[in-house]
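What follows is the residue order along each chain.
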Amino acid sequence: MKNRTFWVWISALAVPVVSLIAVQIDTNSGASIGGGGYDLGPFLYSWLLIIVTAGWSLCAFTAALIHRGGPASMRAVGLTVIGFVTFVTVLLLYRQIPFLE
């Protein structure tokens, strides 16, 4: 795993995470996803954020298992740690989700 590949992996995590967090910032109280008097946007985006970080972490863990020894293995383990920390942070930020309480 080259250094450039490491940054591609980081970008593949950072872009969706930043995008999903940015869409949850309510800048106006216009039309909502789901219609009616409730807004499903934060619910959907927070679950999508959890799913993306969990999936990315599992892919990074799989890459760590595939690479045996050497610097590629250490980078893959580092990616796994980054993914796990991101996943735990997301879970802590969205702990108001019913099954996480």
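Structure's up top.
Just so you know, these numbers come straight off a predicted model, no measurement behind them.

Looking at this model, I keep getting lost on the overall build of the chain. Mind explaining?
Check the secondary structure of the chain and you find three helices and zero strands. Within the span of the chain, comprising 101 residues, buried residues form 26% of the whole. Put simply, of all contacts in the chain between residues at least 6 apart along the chain, 66% involve residues at least 24 apart. Element-wise, carbon and sulfur atoms account for 71% of the exposed surface of the chain, whose accessible area totals about 6800 Å².

Is there a simple way to explain the environment of A76 in this structure?
With respect to the helices, strands and loops of the structure, A76 is situated in helix 3 (residues 70-93). In sequence terms A76 and A60 are 16 residues apart; their C-alpha atoms lie 6.3 Å from each other.

So what exactly am I meant to see when it comes to the packing of aromatic side chains here?
Remark: the centre distance and the inter-plane angle together describe each pair of aromatic rings, the angle taken between the planes. Overall, the coordinates contain two aromatic pairs when judged by the stated rule. An angle of 85° between the planes, with centres 5.4 Å apart, marks the rings of F6 and W7 as edge-to-face. Between the aromatic rings of W9 and W56, the centroid separation amounts to 5.7 Å while the plane-to-plane angle is 75°, which identifies the pairing as edge-to-face. Taken together, the residues W9 in helix 1 (residues 3-22) and W56 in helix 2 (residues 41-66) connect sequence positions 47 residues apart.

Quick question: what am I supposed to make of the nonpolar core here?
A general feature of soluble globular proteins is that nonpolar side chains tend to end up buried together. Counting 12 residues, the largest nonpolar core consists of F6, I10, L13, V17, L20, L49, I50, W56, A60, L79, V90 and Y94. Taken together, the elements giving at least two residues each to this core come down to helix 1, helix 2 and helix 3. Examining the composition of this core, we find that five residues originate from one element, helix 1, more than from any other.

What exactly am I supposed to notice about the packing of helix 2 against helix 3 here?
What describes two packed helices is the angle between their axes and the distance between those same axes. Following both chains from N to C, one finds helix 2 and helix 3 inclined at 160°, their axes separated by 8 Å at the closest point. If you check the angle between helix 2 and helix 3, you find them roughly antiparallel. When you trace helix 2 past helix 3, the crossing you get is left-handed. Residues L49, I50, T53, A54, W56, S57, A60, F61, A63 and A64 of helix 2 form the contact with helix 3, whose own contacting residues are A76, V77, L79, T80, G83, F84, T86, F87, V90 and L91. The residue makeup of the contact of helix 2 with helix 3, split by class, is 15 nonpolar, five polar and no charged.

Explain the side chain of T86 here, please?
Positionally, T86 belongs in helix 3. On the accessibility criterion, T86 (19% relative accessible area) is buried. Apart from residues no more than four positions distant in its own chain, T86 is found in contact with L13, V17 and T53.

What counts, and at which threshold
Residues numbered from 1 in each chain as written. Predicted model: local features only at pLDDT ≥ 70, side-chain atom pairs only at ≥ 80, totals over all residues. Heavy atoms only, no water. Helix = DSSP H or I, 4+ residues; strand = E, 2+ residues; numbered from the N terminus. Buried < 20%, exposed > 50% of the residue type's maximum accessible area, 1.4 Å probe, protein only. Contact = heavy atoms within 4.5 Å. Areas by Shrake-Rupley, 256 points an atom, 1.4 Å probe, with all protein chains shown as cover. Phe/Tyr/Trp six-rings, centres within 6.5 Å; stacked < 30°, edge-to-face > 60°. Core = buried A, V, L, I, M, F, W, Y, C linked by side-chain atoms within 4.5 Å. Axes fitted to C-alpha atoms, helices over the stretch in contact; angles between N-to-C directions. Parallel < 35°, antiparallel > 145°, perpendicular 65-115°, else oblique. Left-handed = near helix turned anticlockwise from the far one by under 90°. Nonpolar A, V, L, I, M, F, W, Y, C, P; charged D, E, K, R; others polar.

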